[in-house]
Amino acid sequence: KTLRVGVEQSHLQTLALAPKTALAEIIWNSLDADADTITCTVKPNELDGIDQLIVEDNGIGIAPDNLKQTFAELGYSWKRLQTLSDGGRFIHGKRGRGRWAALGIGTDVRWISVSDSVADGRVRFSISASYGALDGFAVTEFELAKGAETGCKVEVSNLTPRGTKYLDSDTVIDDLLATFALQIEQYNLNITWRGNPVNVEAIKAKQTDIELTVDGIDGPIILTVVEWKKELPRHLNLCDASGITLHQMKPGIHAPGRSFTAYLKWAGFLDEPTMLQLEEQAPEPIPAVISAAQDALR
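Bear in mind the structure is a predicted one, so any value in this text is a computation, not a measurement.

Conventions used here
Residues numbered from 1 in each chain as written. Predicted model: local features only at pLDDT ≥ 70, side-chain atom pairs only at ≥ 80, totals over all residues. Heavy atoms only, no water. Core = buried A, V, L, I, M, F, W, Y, C linked by side-chain atoms within 4.5 Å. Buried < 20%, exposed > 50% of the residue type's maximum accessible area, 1.4 Å probe, protein only. Helix = DSSP H or I, 4+ residues; strand = E, 2+ residues; numbered from the N terminus. Contact = heavy atoms within 4.5 Å. Axes fitted to C-alpha atoms, helices over the stretch in contact; angles between N-to-C directions. Left-handed = near helix turned anticlockwise from the far one by under 90°. Nonpolar A, V, L, I, M, F, W, Y, C, P; charged D, E, K, R; others polar. 1 Å grid on protein atoms, 1.4 Å probe; cavity = no way out; pocket = protein on both sides within 12 Å on 5 of 7 lines; lining within 4 Å. Points joined across faces, edges and corners; volume = space filled by probe spheres on them. Expected span 1.5 Å × (residues − 1). Salt bridge = Lys/Arg side-chain N within 4 Å of Asp/Glu carboxyl O. Pairing = 2+ DSSP bridges.

Participant: What is the right way to look at the nonpolar core in this model?
Facilitator: A general tendency of soluble globular proteins is for nonpolar side chains to be buried together. Ranked by internal contacts, the top residues of the largest apolar core, which has 54 residues, are L23, L53, I105, W111, V156, F180 and W193. If one sorts the elements of this core by residue count, helix 5 (residues 172-187) sits on top with eight residues. Setting aside residues up to four positions removed in sequence, V156 forms contacts with I26, D51, Q52, L53, A102, I105, G106, D108 and V109. Among the nonpolar cores identified, the runner-up in size contains 24 residues, and I217, L238, A262 and V289 belong to it.

Participant: How should I be thinking about the packing of helix 2 (residues 19-32) against helix 5 in this particular structure?
Facilitator: For any two helices packed against each other, one specifies the crossing angle of their axes together with the interaxial distance. Between helix 2 and helix 5, the shortest axis-to-axis distance is 11 Å and the interhelical angle comes to 35°. For the crossing formed where helix 2 meets helix 5, the hand is right-handed. Along the contact surface, helix 2 presents K20, L23, A24, I27, W28 and L31, while helix 5 presents V172, D175, L176, T179, F180 and Q183. Among the residues forming the contact of helix 2 with helix 5, the class breakdown is eight nonpolar, two polar and two charged.

Participant: Explain the layout of surface pockets here, please?
Facilitator: Empty space among the atoms becomes apparent when a probe as large as a water molecule is rolled across them. A volume near 200 Å³ is recorded for the second largest pocket. Taken together, K206, T208, I210, V225, E227, I253, A255, R258, S259, F260, A296 and L297 make up the lining of the second largest pocket. Where the lining of the second largest pocket is concerned, the elements lending two or more residues are strand 11 (204-212), strand 12 (221-228) and helix 7 (286-297). It is strand 11 that contributes the most residues to the lining of the second largest pocket, three residues altogether. Tallied by class, the residues present in the lining of the second largest pocket amount to seven nonpolar, two polar and three charged.

Participant: How do you make sense of empty space enclosed by the protein when you look at a structure like this?
Facilitator: The final tally for this structure, using the stated rule, is one cavity of 30 Å³ or more. Of the volumes computed, that of the largest cavity is approximately 40 Å³. As for the largest cavity, its lining consists of W28, L31, D32, R89, F90, H92, Q183, Y187 and I244. At the level of secondary structure, the elements contributing two or more residues to the lining of the largest cavity comprise helix 2 and helix 5. Taken together, the residues that form the lining of the largest cavity break down as five nonpolar, two polar and two charged.

Participant: Whenever I open this one, helix 2 confuses me. Can you help?
Facilitator: Along an α-helix, residues three or four apart share an orientation, since each turn contains 3.6 residues. For helix 2, with 14 residues, the first-to-last C-alpha span of 20 Å sits near the 20 Å given by 1.5 Å per residue. The buried fraction of helix 2 amounts to eleven of the 14 residues, a majority that puts the element mostly inside the structure. Here helix 2 has its buried residues at P19, A22, L23, A24, E25, I26, I27, W28, S30, L31 and D32. One or two steps after helix 2, the chain reaches D34, where phi turns positive at roughly 65°.

Participant: Where do I start with the pattern of salt bridges in this structure?
Facilitator: A pair can form between side chains of opposite charge whenever their charged atoms are brought close. Enumeration according to the criterion identifies nine salt bridges in this entry. Residue R110 is joined to E155 by a salt bridge in which the shortest nitrogen-to-oxygen separation is 2.9 Å. Of the two residues, R110 is situated in strand 4 (residues 106-117) and E155 in strand 8 (residues 151-159); the sequence distance between them amounts to 45 residues. Between R122 and D116 there is a salt bridge; the shortest N-O distance is 2.8 Å. Given a relative accessible area of 28%, R122 falls into the partly exposed group. Put simply, R110, K153 and E155 are held in one network by salt bridges that share partners.

Participant: What am I meant to see in the pairing of strand 15 (residues 260-266) here?
Facilitator: The side chains of a regular strand alternate, residue by residue, between the two faces of the sheet. Here strand 15 lies mainly inside the structure; seven of its seven residues are buried. Of the two faces of strand 15, both are covered, the one formed by F260, A262, L264 and W266 as well as the one formed by T261, Y263 and K265. Two strands pair when backbone bridges link them, and strand 12 and strand 15 are joined in this way by seven bridges, in the antiparallel orientation. When the sheet's bridge partners are listed, T224 is paired in strand 15 with Y263. With five bridges joining them, strand 13 (residues 235-239) and strand 15 adopt parallel strand pairing. The residue bridging L236 from the neighbouring strand is A262, located in strand 15.

Participant: I would appreciate a short explanation of the side chain of T192 in the present structure.
Facilitator: For T192, the location among the structural elements is in strand 9 (residues 190-193). Classification of T192 as buried rests on a relative accessible area of 15%. Ignoring sequence-local partners within four residues, the contact set of T192 consists of I38, T39, C40, P197 and V198.

Here it is in structure tokens:
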């Protein structure tokens, strides 16, 4: 059957994210499903290019009992009703938009899930989406999968030129390190990219936690700075209190010869998450918190 979304195609197109952000969103979904092993591979073509991105995990899969709400209602997500996953992890996505993110890498996406249904037990099914018809998700019939391990496999095909360029670049594993370093250590995750482990400890030189004070804010604000042994793009990640990245920005400081990723952790960022992309131009106290972090970095 096809699940229809009652939203204009032009609006749904804005939810297809840049390839870097889209890949991270796929992996965040695996983390929210309590996966501890996430394997990212690409399928090459005969011309040594890339035909397909494949991300496979061993999480709990996609819940089969509420697919109509999960995929046919923009803004709906089971995650908005929970702070923690069943495995006790802080949940990343709550706005019900991530299902379109992968279409920023390729024009066709298929999710293949093995998960538990209340009525049928363990089942296998797939859901497909296309950039040409963003308002519909095609769902296959459920097949009994007794004895199979749960998990989800995401296949992104017909890659866009931007998607191909990014996936074939040397920056992907560095981006994954910078985005997921805290979660990899916190949850003992095994993330691999094209056969290479995303190994935080191998290139981490030092980690420092700094408690910040901002006038008018009583709750804790923690700046975690991870310094790297190799040159990586420098980022300041605006995070919730648990360290889940909500927005990534440039640090806004001069630090010649220093390679680091900073995680600014404050519960207040969740109050207005859509404003974070405005960074220093966002309503107060967001700019004040960012400024305090930049002062501490200096």
